[in-house]
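Structural features, examined
Single-letter residue listing:
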Amino acid sequence: MFARKHRFSFKEGLPKRTKSFPSFNLRYGKNELGKARVAAVVSKRVHKHATARNAIKRRFLAHLEERLNKNRGLDLVFYIKKKALDVANLADEVESAVDFLEEI
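Residues numbered from 1 in each chain as written. Predicted model: local features only at pLDDT ≥ 70, side-chain atom pairs only at ≥ 80, totals over all residues. Heavy atoms only, no water.

Topic: the packing of aromatic side chains
If you walk through the whole model with that rule in mind, you get 7 aromatic pairs. With 5.2 Å between their ring centres and 70 degrees between their planes, phenylalanine 24 and phenylalanine 60 make a pair best called edge-to-face. Of the two residues, phenylalanine 24 is situated in strand S2 (residues 24–30) and phenylalanine 60 in helix H1 (residues 50–67); the sequence distance between them amounts to 36 residues. Here the aromatic rings of phenylalanine 24 and phenylalanine 78 are separated by 5.4 Å at their centres, their planes lie at 70 degrees, and the arrangement is edge-to-face. Of this pair, phenylalanine 24 sits in strand S2 while phenylalanine 78 sits in strand S4 (residues 74–80), placing them 54 residues apart in sequence. By relative accessible area, phenylalanine 78 is classed as buried at 0%. Ring pairing ties together the aromatic residues Phe21, Phe24, Tyr28, Phe60, Phe78 and Phe100, which thus form one cluster. In this structure, lysine 19 is placed above the aromatic ring of phenylalanine 21, and the distance from its NZ or CZ to the ring centre is 5.7 Å. (Phe/Tyr/Trp six-rings, centres within 6.5 Å; stacked < 30°, edge-to-face > 60°. Helix = DSSP H or I, 4+ residues; strand = E, 2+ residues; numbered from the N terminus. Buried < 20%, exposed > 50% of the residue type's maximum accessible area, 1.4 Å probe, protein only. Lys NZ or Arg CZ within 6 Å of the ring centre and 35° of its normal.)

Digging into the nonpolar core
In terms of nonpolar packing, the biggest core is built from 26 residues, with Phe60, Leu64 and Leu76 touching the most fellow members. Every element with two or more residues in this core is listed here: S2, strand S3 (37–42), H1, S4 and helix H2 (87–102). Counting residues per element, this core draws most heavily on H2, which supplies 6 residues. Sequence-distant contacts of leucine 64, defined by excluding residues within four places in its chain, comprise Phe2, Val38, Phe78, Val94 and Val98. (Core = buried A, V, L, I, M, F, W, Y, C linked by side-chain atoms within 4.5 Å. Contact = heavy atoms within 4.5 Å.)

Focus on H1
Working note: α-helix, 3.6 residues per turn, so residues spaced by three or four point in the same direction. Across its 18 residues, H1 extends 26 Å between first and last C-alpha, which sits within 8% of the 26 Å expected from 1.5 Å per residue. Residues of H1 that are buried make contact with S2, S3, S4 and H2. (Expected span 1.5 Å × (residues − 1).)

Observations regarding H2
For H2, built from 16 residues, the straight-helix expectation of 22 Å at 1.5 Å per residue is met to within 8% by its first-to-last C-alpha distance of 23 Å. Along H2, the residues that are buried comprise Leu90, Ala91, Glu93, Val94, Ala97, Val98, Phe100 and Leu101. On the buried face of H2, the contacting elements are strand S1 (17–20), S2, H1 and S4.

Description of the pairing of S4
As a general feature of sheets, a regular strand has side chains that alternate between the two faces. The buried fraction of S4 amounts to 6 of the 7 residues, a majority that puts the element mostly inside the structure. Relative to S4, S2 runs antiparallel, the two being bridged by 7 bridges. Each residue of the ladder has a partner; that of lysine 30, found in S4, is leucine 74. Two strands pair when backbone bridges link them, and S3 and S4 are joined in this way by 6 bridges, in the parallel orientation. Paired with valine 38 across the strands is leucine 76, a residue of S4. Taken together, S3, H1 and S4 constitute a β-α-β crossover, and its handedness is left-handed. (Pairing = 2+ DSSP bridges. Right-handed = clockwise from strand over helix to strand, strands pointing away.)

Next up, the structure:
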């Protein structure tokens, strides 16, 4: 789990730029804090039960935390789709998202 200083707050508004992946959509933008702030959103359309949505979110954020450089000033909001239930592809797609973010 990300530390509180690396969690994104929706009070400041959403990042404007978007990128779509098969298992999730990403909204991203730069911030001036010098550290990455991350949020993951799993809607009720993905799964009916809150415990299952939280498990999906934890699994996703664990994959992301292993690979993400937290010292870059980025705001990242991930909207997770139903395809993320397939665990095998999720780690690969998180890897491709991190590669995409390294190019920015």
